[in-house]
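Structural overview for review
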Amino acid sequence: MESQALVIATIGVLGVGAQWIAWRTGWPAIVLMLLAGFIAGPVLGAFDMRLLDPEAAFGSLLEPMIGIGVALILFEGGLSLDLRELRHSGSAVWRLATIGVLVGWLLGALAGFYVAGLVWPVAILFGGILIVTGPTVVIPMLRQSNIQPRPASILKWEGIVNDPTGALCAVIAYEYFRKVAESPGASLFEVVPPLIIAAFLSGLIGYGAAKAVAYLFPRGAIPEYLKVPVLFITVIGVFVLCNKIEHEAGLVAVTVMGIALANMNVSSLRSIHPFKENIAILLVSGIFIVLASSLQAEDLQYVNWRFAAFLAVLLFFVRPATVLISMLGSSVPWNERLFVAWIAPRGIVLVAISGLFALRLSELGYADGNVLIGLSFAVVVATIVAHGFSVEFVAQLLKIKGESRPGLLIVGSTPWTIALAKQMQTRKTPVIVVDPSWQRLAPARREGIPYYHGEILNEATEHNLDLSPYQVLVAATDNEAYNALVCNEFAHEIGRDSVYQLGESADDDHRALPESLRGRALFESGFGVSDVHERQQQGWVFRRTRLTGEYTFEDAMRDLPEDAHLLMLLRETGTMRFFTHAARPEPRSGDTVISFVPPQTRTPEESAARKPGTRGPDAQPA
C-alpha cells in the first residue's frame, strides 16, 4: 500500500511539475511529460534505479485505471464542443471524420506493411488505430499556441471525434481476424454490422445519459454538492456498461454524452467547468507519466531503421495526403489545410489501444503483435516532438497565427474606457470594448475602436466573440457589483491575476464584496467608478512615459503631477502590469508608464524652467 501511494505521489509531482515547467518556459507540456516519464521509468531502469514502475505497483488494475481516465478525458473534451462552432469548420470536420478515416486507414495500413514490415493483419489493425489524433495532446498544444479559430476548431473536433472512431476501426479489424482464425472463410459482413450496431447502441446510451442529466440537474433532483460526483460516476458507469456490449464501445458512448450535454444548455453545468478542467489536466498529466514510465527495455528491441522510415512516411506522406484528399473542394483556405495536414500528434488512446490489441493479436498467433507497443510509443514520441516544437513556426509561416501581443478586453463603454482603449491602440495592443448598449458603444464606433455589442456574461458570446487574443480583462462599467461579477466569471479562464476592475478594495471594509469574488482594484488608491468619472469631467487625461537607461522610473515620477495616479507598466513585448491596491510592478528600462493625470496648467516661466531632457522620449498626454 505504501509503495502504491508513493507511486501515485511521484506520478502527480512529475506530471504537474512538467506542466508548470511548460508554463514557465513555453515548451510543449506533452513533450516534457513524456520526457519525465521516460527518465523515471526506462532510463533510470537501465541503471537499476527505476523511479516508477506502475505495472508492478498496480498490476491488473493498471489497464482499467487508464481506460477510465481516457473515458473521462474524452467526456471532458466532448463538453467543450459546441455545435455552433461547426458553422465555420463543420464541413472540414465531417470530411476528416468520413473520407479522412477511410483514406488514413488505407494509407496507414499500406505504410505498416510495405515500410514497417508488419504482417497484413497487424498492419491493417494498426492503420485503424493511427486514425486517432488524441485530444489529450491536441488541446494542450492549442492552449499553448495562439492559432486562429477555424484551424484550431478543426483540430480540436477531429481529435475528439476520431478517438472513438479509431478504436472502433481497430475493434472491427481485430474481430474480423479473430473470426477468420476460428472459421476460415468468414466475411466482413459477419463482423462489421454487429459492431456498427453496438457502436450505435452505445451512442444512444450516451445520449440517453446526457438527457437524464439535463433533466435532473436543473430541477433540483441532485443537490449542488453532489452534482460533480454524480456526473463523473455516470460517465464511468456508461463507459463500463457499453464496454460490456462491445470492446471500446464505451469511448463512443462517453464522447456522445459529452457533446450532447454541451449542446443542451444545462445552466447547472457551468459551475462544474473549472473542476472538470482541473480533473482533465490531472488525468492527462498522470496518464502520460504512467504510460511513458511503464515502457520496458524489451518493448524497444523491435525499433529499427524500418520504424524510422515508417515514422517519416507517416509524418510527411500519410497525414498530409489524408487531409488534402479529404478537403478537396472544401472552402477551407489552402494555408489552413496545410497546417491541419501537418499537425497530428498522437497520444494516450493510441498507446492504450495498441497495448491492448498487442496482447490479443499475440494470442491469435500474430507474432508482430508485440511490435505494436514499441511502435506506438515511437509514433507518439515522434509526432509530439515534431508537431509540438514546430506548431508555432508552421503557424507563423502559413500566416494563421493569432495576435502575438497580449490583448486587453474592456467591459463597459464609458468616456474613461474609450480613452484607455485609444491609449492602448497607440501602443499597438489589441483591444476590444464590450457593452450590451448600442448607444453607449457610439463613441467606440466613432473612434474606430473594435467593439462587441452584447452581454459578456451570455454563454452565446463565447461562440460569437473570439476571446483567445485577450489575456487581460478590465471591467469598468458604472456598476461596481457587476464589474465584480464579470471578473469572478472570467477569473478561471483568464486567470485571477489578470482580471481587474474599477472599485475600491474590500481590504478594510467588511461590508464590501470579499476579495475572492472580485477582480483586482485598478490604481493603488482603488479608484471607484464615480472617482474616475468625476476626474474625467475635470479634464484628467492618460499620459504615457517611456523609460530608458538614462530616464528612470524615479525621473518619471518627479515629472508627473503630484496628484497623478499610475495605472500600468506596458512592457516592450506588450505584457501589461497594472498598479493595484495590492501590487506594485517593478519598472524596467524600455517600459512605458501609463498614468492618469490632471490637466496641465503651467506658466511660461515654469515651462522654461524645466530642464531639457527630463521627460521621457514618448511622454505626452493622451
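Here's the deal with the overall build of the chain
Broken down by element type, the chain carries 23 helices and eleven strands. Buried residues in the chain amount to 53% of all 622 residues. Restricting to contacts in the chain with at least 6 residues of sequence separation, those with at least 24 account for 73%. Entry remark: accessible area of the chain is about 27700 Å², with carbon and sulfur atoms responsible for 61%.

Points about the nonpolar core
Counting 124 residues, the largest nonpolar core has Leu-125, Phe-126, Met-257, Leu-261, Phe-288, Phe-310 and Phe-339 as the members making the most contacts within it. For this core, the element with the most residues is helix α16 (residues 371–397), which contributes twelve residues. Non-local contacts of Phe-310, meaning those with residues more than four positions away in its chain, are made with Gly-108, Ala-111, Gly-112, Val-115, Ala-116, Phe-126, Leu-130, Leu-375 and Val-379. Judged by nonpolar contacts, the second largest core, of 32 residues, contains Ala-419, Leu-420, Ile-449 and Ala-476.

Overview of the pattern of salt bridges
Within this structure, the stated rule accounts for nine salt bridges. Ionic pairing is found between Arg-520 and Asp-497, a salt bridge with its closest N-O pair at 3.0 Å. Residue Arg-520 is found in strand β6 (residues 520–521), and its partner Asp-497 is found in the loop between α20 (480–494) and β5 (499–501); the two are separated by 23 residues along the sequence. With a relative accessible area of 26%, Arg-520 lands in the partly exposed category. On the basis of relative accessible area, Asp-497 is assigned to the partly exposed category, the value being 49%.

A few points about the sheet that holds β6
The strand order β3-β2-β1-β4-β5-β6 describes an open sheet built from six strands, whose pairing is parallel. Lying at the two open borders of the sheet, with one neighbouring strand each, are β3 (451–453) and β6. The pairing of β5 with β6 spans two bridges and is parallel. Within β6, the residue paired with Gln-501 across the bridge is Ala-521. Lying on the sheet, helix α17 (residues 415–426) is in contact with β1 (407–411) and β2 (431–435); it crosses β1 at an angle near 170 degrees.

Comments concerning the pairing of β1
Consecutive side chains along a regular strand alternate between the two faces of the sheet. Taken across its five residues, β1 has five buried, putting it largely inside the fold. Where burial is concerned, the two faces of β1 agree: the one with Gly-407, Leu-409 and Val-411 and the one with Leu-408 and Ile-410 are both buried. Looking at chain direction, β1 and strand β4 (residues 470–475) are connected through five bridges and run parallel. Bridging across to β4, Gly-407 finds its partner in Tyr-470. Taken together, β1, α17 and β2 form a β-α-β motif whose crossover is right-handed.

Examining the pairing of strand β8 (residues 565–570)
Most of β8 is tucked away: five of the six residues are buried. In terms of strand pairing, β8 meets strand β10 (residues 592–597) through five bridges, oriented antiparallel. Across the sheet, residue Leu-569 finds its bridge partner in β10, namely Val-593. Looking at chain direction, β8 and strand β9 (residues 576–578) are connected through three bridges and run antiparallel. What sits directly across from Met-568, in β9, is Phe-578.

Considering the environment of Glu-246
Looking at the element boundaries, Glu-246 is found in the loop between α10 (224–245) and α11 (249–262). Exposure remark for Glu-246: the relative accessible area of 15% places this residue in the buried category. With 52 residues separating them in the primary sequence, Glu-246 and Pro-194 have C-alpha atoms 9.5 Å apart. Excluding residues that lie within four positions of it along the chain, Glu-246 makes contacts with Val-171, Glu-175, Leu-195 and Ala-198.

A short note on the packing of helix α6 (residues 120–129) against helix α8 (residues 149–182)
The relative placement of two packed helices is expressed as an angle between their axes plus a distance between the axes. Close contact between α6 and α8 brings their axes to 7 Å; oriented N to C, the two are set at 160 degrees. By the angle class used here, α6 and α8 are roughly antiparallel. Viewed along their axes, α6 and α8 form a crossing whose handedness is right-handed. Together, Pro-121, Ile-124, Leu-125, Gly-128 and Ile-129 of α6 and Gly-166, Cys-169, Ala-170, Ala-173, Tyr-174 and Phe-177 of α8 make up the contact between the two elements. Residue classes in the contact of α6 with α8 are distributed as nine nonpolar, two polar and no charged.

Description of the packing of aromatic side chains
Counted according to the given criterion, the structure contains 14 aromatic pairs. Pairing Trp-416 with Phe-596 gives two aromatic rings, centres 6.5 Å apart and planes at 90 degrees, and the pair type is edge-to-face. A residue pair is termed long-range when its members are at least 10 positions apart, and Trp-416 in helix α17 and Phe-596 in strand β10 qualify at 180 residues. Both residues of the pair, Trp-416 and Phe-596, count as buried. Taken together, a centroid distance of 5.5 Å and an interplanar angle of 50 degrees make the contact between Trp-540 and Phe-596 tilted. You can see Trp-540 sitting in the loop between α21 (529–537) and β7 (541–546) and its partner Phe-596 sitting in strand β10, a full 56 residues away along the chain.

A short note on the side chain of Arg-571
Tracing the backbone shows Arg-571 in the loop between β8 and β9. Accessibility expressed as a relative area gives 10% for Arg-571, which makes it buried. With sequence-adjacent residues up to four places away left out, Arg-571 is seen in contact with Arg-405, Arg-577, Glu-586, Pro-587, Arg-588 and Asp-591.

A few points about a nonpolar patch on the surface
A surface patch of nonpolar side chains, amounting to about 700 Å² of accessible area, comprises Trp-20, Ile-21, Trp-23, Trp-27, Val-385 and Phe-389. For the nonpolar patch, the elements supplying multiple residues, two or more each, are α1 (2–25) and α16. In terms of residues, the nonpolar patch owes the most to one element, α1, which gives three residues. Here Phe-389 lies in helix α16.

About the thresholds
- Within every chain, residues take consecutive numbers counted from 1 along the sequence as written.
- Only residues with pLDDT of at least 70 get local features here, since the model is predicted, and only at 80 or more are side-chain atom pairs given and counted; chain-wide, interface and lining totals rely on the full set of residues.
- Hydrogens and water molecules were not included; the side-chain quantities draw on all heavy atoms of the structure.
- Put simply, DSSP H or I for four residues or longer makes a helix, DSSP E for two residues or longer makes a strand, and each gets a number counted from the N terminus.
- Buried means the residue's accessible area, taken with a 1.4 Å probe over protein chains only, is under 20% of the maximum for its type, while exposed means over 50%, and partly exposed covers the values in between.
- Residue contacts follow a heavy-atom distance rule, with two residues in contact if any of their heavy atoms lie within 4.5 Å.
- The Shrake-Rupley method, run with a 1.4 Å probe, gives the accessible areas here. Residue values count only the displayed protein chains as cover.
- Residue types Ala, Val, Leu, Ile, Met, Phe, Trp, Tyr and Cys, when buried and joined through side-chain atoms within 4.5 Å, form a set referred to as a nonpolar core.
- Whenever Lys or Arg places a side-chain nitrogen within 4 Å of a carboxyl oxygen from Asp or Glu, that contact is recorded as a salt bridge.
- Following DSSP output, two strands are said to pair if at least two bridges run between them.
- Lines are fitted to the C-alpha atoms to define the axes, a helix being fitted only along its stretch in contact, and any angle between axes, read from their N-to-C directions, falls within 0 to 180 degrees.
- The handedness of a crossover follows from its direction of travel: if, with the strands pointing away from the viewer, the path from the first strand over the helix to the second runs clockwise, the crossover is right-handed.
- Any angle that falls under 35 degrees is termed roughly parallel, while one over 145 is termed roughly antiparallel, one within 65 to 115 roughly perpendicular, and all others oblique.
- Left-handed describes a crossing whose near helix is turned anticlockwise from the far helix through less than a right angle; right-handed describes the clockwise counterpart.
- Three residue categories are used. Nonpolar comprises Ala, Val, Leu, Ile, Met, Phe, Trp, Tyr, Cys and Pro, charged comprises Asp, Glu, Lys and Arg, and polar comprises the others, including Gly.
- A pair of aromatic rings is counted whenever rings of Phe, Tyr or Trp (Trp by its six-membered ring) have centres within 6.5 Å, and the orientation is called stacked for planes under 30 degrees apart, edge-to-face for over 60 and tilted otherwise.
- Patches were defined on residues exceeding 30% relative accessible area and lacking a salt bridge, with like-charge contacts within 9 Å and nonpolar side-chain contacts (Val, Leu, Ile, Met, Phe, Trp, Tyr) within 5 Å.

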